[in-house]
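# Descriptive analysis of the structure
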Amino acid sequence: MKVTTRCIAVALALLSGCGGGGGGANVSVAAFGVGATATPTPAVTPAQPNISVAVQPAGGAPGTAAPMTFKVTEVATGLDTPWGLAFLPDGRMLITQRGGQLRLRNADGSPVNAGADQISGVPAVFAIGQGGLLDVAVDPGFANNRRIYFSYSERDASNPNLNGTAVARAELDTINRSLANLVVIYRQSPKVDSTAHFGSRLVFDRSGFLFVTLGERLLDTQRGFAQDLTRGNGKVVRISTDGSPASGNPFTATAGAQPHIWSYGHRNPQGAALHPVTGDLWISEHGPQGGDEVNLVLPGRNYGWPVISYGQEYGTLTQVGEGTAKAGMEQPLTFWEKIDGSAWTPGTAKSSIAPSGMAFYTGDLLPAWKGNLFIGALAGTALWRLTLNGNTVTSRERLLADRGERIRDVRQGPDGWLYLLTDSSNGKLLRLEQ
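Quick summary incoming for the structure in this document.

What counts, and at which threshold
Residues numbered from 1 in each chain as written. Predicted model: local features only at pLDDT ≥ 70, side-chain atom pairs only at ≥ 80, totals over all residues. Heavy atoms only, no water. Helix = DSSP H or I, 4+ residues; strand = E, 2+ residues; numbered from the N terminus. Areas by Shrake-Rupley, 256 points an atom, 1.4 Å probe, with all protein chains shown as cover. Buried < 20%, exposed > 50% of the residue type's maximum accessible area, 1.4 Å probe, protein only. Pairing = 2+ DSSP bridges. Salt bridge = Lys/Arg side-chain N within 4 Å of Asp/Glu carboxyl O.

## Overview of the overall build of the protein
Check the secondary structure of the protein and you find 3 helices and 25 strands. As displayed, the protein offers around 15,500 Å² of accessible surface, 54% of which is attributable to carbon and sulfur atoms.

Shown next, in the form of structure tokens:
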């Protein structure tokens, strides 16, 4: 009966897209080799203004953020499970749909070409479970090279039961809505038999290298490999645009380690953004039952999963791993133990917000939010606003919870407004404005 309850809990987690989980015994770092030693046409419908409500933040984030009145406009609807959003230099948008479609939208969110906005040339994707066409990023030199990059889940060529995250590069023809000269530049290795925890966000750093976040693939038999530098489970990698390891990566001289790795010990990072001042990478990653995190990702650092965690095993009150802290493992900048951000009561079940896309707001049109960090929540059906003092999270505010929509991606548009994608078969593109 215990096993049945456990399986149902995990299945529900997967269906909700909260990042999944999986059980297993506590894991010791020493068990994992080299990793252990490494220090139709969418309608345009305006929505009614939405007034935010501040809530008491949970562990590690004292204070409450001052609420601000703003308006939510539904820029586009009818998107089929959108996942990633990126802006071209002229303001037009690329939107991925998890089923494998890449769409080109005008700057106002309307489809190009009288509604026939799908871009051809996208490779076949493994669109099962949490897999499919995932994130999209535009090359910093797009005006000259027309290149875009996208991540997706890919089957193994010789064994279709195996799959993993891949990243492809292609040249975008916006007139003919097609991709040319497509090449797969990175594949998570090894591929495994799982339908969950692919990651994956794509972020260019200031040197022109590409960060890729990778999930640990959920399964009890796989999650411990987040601590193993010989495998791609649960890592952030940093690559050149041709897929080679980026210069300056921390493990290039470590015997047996994959040289693409930037950091390790991650669970399922589905949000990532560069800090606008420091240029450091920040990510949001799914905990299991509770324990969702925001992390400052530095080279060579170990972020602890599954040895330490603020989450519980699904369907139980059991703490994951050895505890919440251990020497040589990084602490999150902030974490959630309850779906609404309230304080957790010891001896009770935790719950997850399931964080996804994230963005720092640097514009001037929403001045009260300048310098804040925004994170979408899937299971938590909200947008979280975090105020910062340097690398310290000083307050948190839960926005849009009354809409009851899963927020998949968050981006600042070139027009200075904040844009969100909602995760459903009738997904929306929302714009937050005053």
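## Remarks on the pairing of strand β16 (residues 281-285)
Burial analysis of β16 places 5 of its 5 residues in the buried class, which makes it a mostly covered element. Burial along β16 is two-sided: Leu 281, Ile 283 and Glu 285 and Trp 282 and Ser 284, pointing in opposite directions, are all buried. For strand β15 (residues 269-274) and β16, the ladder comprises 5 bridges, and the chain directions are antiparallel. When the sheet's bridge partners are listed, Leu 274 is paired in β16 with Leu 281. Direction of pairing for β16 relative to strand β17 (residues 292-297): antiparallel, over a ladder of 5 bridges. Residue pairing in the sheet places Ser 284 in a bridge with Val 294 of β17. Following β16, the chain reverses through 6 residues before pairing antiparallel with β17; Gly 290 in that reversal takes a positive phi of roughly 85°.

## Things to note about the pattern of salt bridges
The final tally for this structure, using the stated rule, is 24 salt bridges. Measuring nitrogen to oxygen at the nearest pair gives 2.7 Å for the salt bridge that ties Arg 187 to Glu 154. Placement of Arg 187 in strand β10 (residues 178-187) and of Glu 154 in strand β8 (residues 147-155) is noted, with a sequence separation of 33 residues between them. Note on Arg 187: relative accessible area 44%, which makes it partly exposed. For Glu 330, the salt bridge identified is with Arg 301, shortest N-O distance 3.4 Å. Of this pair, Glu 330 sits in the loop between β17 and β18 (334-336) while Arg 301 sits in the loop between β17 and β18, and the two are 29 residues apart along the sequence. Residue Glu 330 is classed as partly exposed on the basis of its relative accessible area, which comes to 24%.

## Details of unusual backbone geometry
Of note, the amide linkage connecting Ser 189 to Pro 190 takes the cis form, showing an omega dihedral of 0°. Inspection of the secondary structure puts Pro 190 in the loop between β10 and β11 (202-204). The linkage connecting Trp 305 with the following residue, Pro 306, adopts the cis geometry, with an omega of -5°. Its identity is not glycine, yet Leu 218 carries a phi of approximately 75°, on the positive side. The topology assignment puts Leu 218 in the loop between β12 (210-213) and α3 (220-223). Under the relative-accessibility criterion, Leu 218 is labelled buried at 5%. The backbone of Ala 354 shows a phi angle near 60°, a positive value even though the residue is not glycine.

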